[in-house]
Amino acid sequence: MSTILNQFNPSFKTHLSKPNEPKTDVFTCLSCQVSFPSSDRQRTHYRTDWHQYNLKRKIVNLTPLSAADFNDKVIAQQTQSRAEMEKQGLIYDCTLCKKSYNSENAFNNHIQSKKHLELEQKADEEEEDDDEEEEEEEKENVPHSDKKMTAPTTNNRVLNPQLECLFCLQASENLDSNLTHMSKFHGFFLPDIEYLKDREGLINYLFKKINDEKICLYCNGRGKKWHTASAARSHMLDRGHCKMAYDESEDPDQLLKYYEFGVEEDNTAPLEGNADELVLESGAKLGHRKFLKYYKRNAARKTLAPEPEEEEKETERPESLCRKERRHLAITDGQEQDMKKTAEGIKEATKSKEFSRNVAFKQNTNQTLRARIQNPK
């Protein structure tokens, strides 16, 4: 066999003479898809981070990275770690809450917290109040001639509640389109609109409560007091309070100016009975609900006195027995005395059975108790 291989492949003989030498002069790395001229460089490559990184990518079925891409990735990671090391020495201060944090993530979480946002809102409101006071002082100090020359600002413009939204102040063409906008975007509606007679007056009344009294329509003075109308509007938009209270907190005299409910006639006049009972024309009696527990008992209704013939018939009837006792009755010739005797005998028999059963129960419990005491476990 070796002679045949030597004839067709002359290098086979040289390979047999030098088995420790490699067959080819090219050495490759399948993970990184590169080749090397010598085995020493191949072994050195196997110890590099580039080769180890490509091995990990090969395990998860990812394509290998070239040497240039790997170097760029290493440089980006080094710059990021260097920036994090520099940030470790920084201290983040919140002047509004008077707190300090060592990390950027903790500082960002604090800025997004509820307490910080509430304090920020209060600070903004105080700044607005200070600005308004300063503007008022400036107006007082400006002469009358200069006041005429100044142009009106947007904050002092006259609002029209019929054409502008009560909550976002968006302008509309007419009142119907304004109500449609408030219903679609804010969920606002006018309650009991079928009884509403003065729609424009009710809108003006709600606008004065927001703009002049600076209160929320739904809280209606029960919650926090606001310093400005814009703060009250932002509260209603944030909390979903874009609706009327329409409860006991609202003044009914004010609402009745805009509603007309009419007078309902009551045709059910009491004919008889006391203050807790009403008798209708049909003869039906209506009782007070405080006596509901007595009505539920289904007590026997009062009837007229029976006639003497009916009383005699009732006295002639034998004593009624329960179903369990009736099944023990035998067929008789219809004499009343025999039926009474059998009924009494059945009752006595049932009583004696119950008595003997109770005695047996007591004896059984005494015996078991005695056995437990004599033979404890």
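Preceding block: the structure.
So, here is what we can say about the structure in this document.

Definitions and limits used
Residues numbered from 1 in each chain as written. Predicted model: local features only at pLDDT ≥ 70, side-chain atom pairs only at ≥ 80, totals over all residues. Heavy atoms only, no water. Helix = DSSP H or I, 4+ residues; strand = E, 2+ residues; numbered from the N terminus. Buried < 20%, exposed > 50% of the residue type's maximum accessible area, 1.4 Å probe, protein only. Contact = heavy atoms within 4.5 Å. Areas by Shrake-Rupley, 256 points an atom, 1.4 Å probe, with all protein chains shown as cover. Phe/Tyr/Trp six-rings, centres within 6.5 Å; stacked < 30°, edge-to-face > 60°. Expected span 1.5 Å × (residues − 1). Polar contact = N/O pair within 3.5 Å; in protein donor to acceptor, adjacent residues only side chain to side chain. Patch = residues over 30% accessible without salt bridge, like charges linked within 9 Å, V, L, I, M, F, W, Y side chains within 5 Å. Salt bridge = Lys/Arg side-chain N within 4 Å of Asp/Glu carboxyl O. Lys, Arg positive; Asp, Glu negative; His and termini not counted. Charge placed at Lys NZ, Arg CZ, Asp CG, Glu CD.

## What to know about the overall build of the chain
Step number 1: In terms of helices and strands, the chain carries 16 helices and six strands.
Step number 2: Within the span of the chain, comprising 377 residues, buried residues form 20% of the whole.
Step number 3: For the chain, restricting intrachain contacts to residue pairs at least 6 apart in sequence, the fraction spanning at least 24 positions comes to 33%.
Step number 4: Total accessible area computed for the chain in this model is approximately 31100 Å², and 51% of it derives from carbon and sulfur atoms.

## A short note on the side chain of His 181
Step number 1: Mapped onto the elements of the fold, His 181 is located in helix H9 (residues 175–186).
Step number 2: Among residues more than four places away in sequence, those in contact with His 181 are Cys 165, Cys 168, Gln 170 and His 186.

## Digging into the packing of aromatic side chains
Step number 1: Enumeration over the complete set of coordinates arrives at five aromatic pairs.
Step number 2: Ring centres of Tyr 53 and Phe 70 lie 5.6 Å apart, and the angle between their planes is 45°; on these two criteria the pair is classed as tilted. Taken together, the residues Tyr 53 in helix H4 (residues 49–59) and Phe 70 in helix H5 (residues 67–88) connect sequence positions 17 residues apart.
Step number 3: Ring geometry for Tyr 246 and Tyr 259: centres 6.3 Å apart, planes at 50°, overall tilted. On the criterion of sequence distance, the pair formed by Tyr 246 in the loop between helix H11 (229–239) and helix H12 (252–255) and Tyr 259 in the loop between H12 and strand E5 (277–279) is long-range, its members being 13 residues apart.
Step number 4: Of the residues examined, Tyr 246 reaches a relative accessible area of 32% and is grouped as partly exposed.

## Observations concerning the environment of Glu 126
Step number 1: Checked against the element boundaries, Glu 126 lands in helix H7 (residues 114–141).
Step number 2: The spacing of Glu 126 and His 227 is 101 residues in sequence and 9.0 Å in space, taken between C-alpha atoms.

## Some points on helix H10 (residues 199–211)
Step number 1: With 13 residues, H10 extends 18 Å from end C-alpha to end C-alpha; this agrees with the ideal 18 Å at 1.5 Å per step.
Step number 2: Three or more residues of H10 are buried, namely Gly 201, Leu 202, Ile 203, Tyr 205, Leu 206, Phe 207, Lys 209 and Ile 210.
Step number 3: Looking at the buried side of H10, the elements it contacts are H9, H11 and H12.
Step number 4: Between the side-chain oxygen at the start of H10 and the backbone nitrogen of Gly 201 there is a gap of 3.0 Å, and the oxygen is on Asp 198.

## A word on unusual backbone geometry
Step number 1: In the Ramachandran plot, Gln 33 falls in the positive-phi region, its phi being about 60° despite a non-glycine side chain.
Step number 2: The backbone phi angle of Asp 192 is positive, close to 50°, even though this residue is not glycine.
Step number 3: Structurally, the position occupied by Asp 192 is in the loop between H9 and H10.

## A closer look at a negative patch on the surface
Step number 1: Together, Glu 120, Asp 124, Glu 126, Glu 127, Glu 128, Asp 130, Glu 132, Glu 133 and Glu 134 make up a negatively charged patch on the protein surface.
Step number 2: With respect to the helices and strands, the residue Glu 120 is situated in helix H7.

## Focus: the side chain of Arg 233
Step number 1: Mapped onto the secondary structure, Arg 233 falls in helix H11.
Step number 2: Among buried charged residues, Arg 233 stands out as having no salt bridge; its nearest opposite-charge side chain is Glu 164, 7.2 Å away.
Step number 3: Ignoring sequence-local partners within four residues, the contact set of Arg 233 consists of Leu 159, Leu 166, Phe 167, Leu 169, Phe 207, Ile 210 and Asn 211.

## Structural notes on the environment of Phe 261
Step number 1: Relative to the helices and strands, Phe 261 resides in the loop between H12 and E5.
Step number 2: Overall, Phe 261 belongs to the partly exposed group, its relative accessible area being 38%.
Step number 3: Separated by 66 residues in the primary sequence, Phe 261 and Tyr 195 place their C-alpha atoms 5.6 Å from one another.
Step number 4: Once you skip the residues sitting within four places of it in the chain, Phe 261 turns out to touch Asp 192, Tyr 195, Tyr 246 and Leu 256.

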